[in-house]
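A closer look at the structure
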Amino acid sequence: DQQVKQNSPSLSVQEGRISILNCDYTNSMFDYFLWYKKYPAEGPTFLISISSIKDKNEDGRFTVFLNKSAKHLSLHIVPSQPGDSAVYFCAASAFTQGAQKLVFGQGTRLTINP
Amino acid sequence: NAGVMQNPRHLVRRRGQEARLRCSPMKGHSHVYWYRQLPEEGLKFMVYLQKENIIDESGMPKERFSAEFPKEGPSILRIQQVVRGDSAAYFCASSPSTGGYTEAFFGQGTRLTVV
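Everything in this summary refers to the structure shown in the same document. Computed from a predicted structure; not experimentally measured.

Considerations on the pattern of salt bridges
Scanning the entire structure with this criterion turns up five salt bridges over all chains. Linking Lys101(A) and Asp56(B) is a salt bridge whose minimum nitrogen-to-oxygen distance equals 3.1 Å. Linking Lys101(A) in strand 10 (residues 99-104) with Asp56(B) in strand 6 (residues 53-56), this pair reaches from one chain into another. When its relative accessible area of 10% is taken as the criterion, Asp56(B) is described as buried. Here Arg64(B) and Asp86(B) are joined by a salt bridge, their closest N and O atoms 2.7 Å apart. In this pair, Arg64(B) sits in the loop between strand 6 and strand 7 (65-68) while Asp86(B) sits in the loop between strand 8 (75-79) and strand 9 (88-95), placing the two residues 22 residues apart along the sequence. Of the residues examined, Asp86(B) reaches a relative accessible area of 3% and is grouped as buried.

Quick look at the structure:
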C-alpha cells in the first residue's frame, strides 16, 4: 500500500531550465508535506516543506506547490544547476498516536545536464 | 550542534550473525525514526520511537528485528540471524517534540552487507 507515490523514477533537465518533480498521495489525513534531497552514500537532507493550509511555499530557487483536492504536490527548481543532481524524495506526515510519522515516496532521480 | 550520528557507517555480517545499528539523535530531539532503503528503492518506514517507548512499529518485520530507544544512550536497531535480504542502507532520523509539525533530520546511514 504505497500511500505516497512518485511516479517518475528519473528526470533529466538542462542546466538553467526548470525542474518539476511530482508527488501524489492517497491518505487524506496527511497535512504536512516535505521534500528531501539525497546524494549517493549520504543521508537525505531536508529541502522545503508545506503545510496543508497553504498551496505554495517558496525558498530561493525551490518552490513547493500543494493541490489538496487532487492530493498532489510538486517541487519546482528554477534555474536548475548541476549541483541539483540527486535523488529527491517527497514525504507526507500525519499525527498518529499523538506523534508525527513521515511516509516517503520512492524517489525521483534528477539529472541536470550542462 | 552535532547532527544525527549513526554508527557504524558500514557493517559486514555473515548470514546468521547479529547486526546492531546505533543512532544518536540531535541534541534536544526525543523522537527517532528508522528507515530502510533497499538497492534502487525508496525509504521504507520501519519504526518510530520516543524515549523508552515504541510509538509505531508497523514497518518492522515481525521476526528478527527489534528497536529500542532507552532513557540514556543511543537508539539501537537490532537484527538477529541476518540473511542476505537484510543487506540495505539503514537510516535514522530524529525530530524534536514540539507538539507541531517539524522536519526530521537524517543521519548518514549504516550500510549493512550480509555475506
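From this point, the discussion proceeds with the structure in view.
Brief notes about the sheet that holds strand 1 (residues 4-5) of chain A
Residue and element names in this part refer to chain A. In space, the five strands of this open sheet follow the order 1-3-8-7-6, with antiparallel pairing throughout. Unpaired on one side and paired on the other, strand 1 and strand 6 (56-59) mark the two borders of the sheet. The sheet contact formed by strand 6 and strand 7 (residues 62-67) spans four bridges and is antiparallel. Bridge pairing links Glu58 to Thr63 in strand 7.

Conventions and cut-offs
Residue indices begin from 1 for each chain and proceed along its sequence in written order. Key to labels: chains lettered from A, ligands numbered from 1, both in the order written. pLDDT decides what is reported in this predicted model: residues at 70 or higher carry local features, side-chain atom pairs at 80 or more are listed and counted, and totals for whole chains, interfaces and linings draw on all residues regardless. Values shown for side chains rest on all heavy atoms present in the structure; no hydrogens or waters enter the calculation. Salt bridge, as applied in this entry: a Lys or Arg side-chain nitrogen positioned within 4 Å of an Asp or Glu carboxyl oxygen. Put simply, DSSP marks the helices as runs of H or I at least four residues long and the strands as runs of E at least two long, and each gets a number from the N terminus on. Only protein chains enter the calculation, and the probe is 1.4 Å; a residue is then buried if its accessible area is under 20% of its type maximum, exposed if over 50%, and partly exposed in between. By definition, two strands form a pair when at least two bridges between them are found by DSSP.

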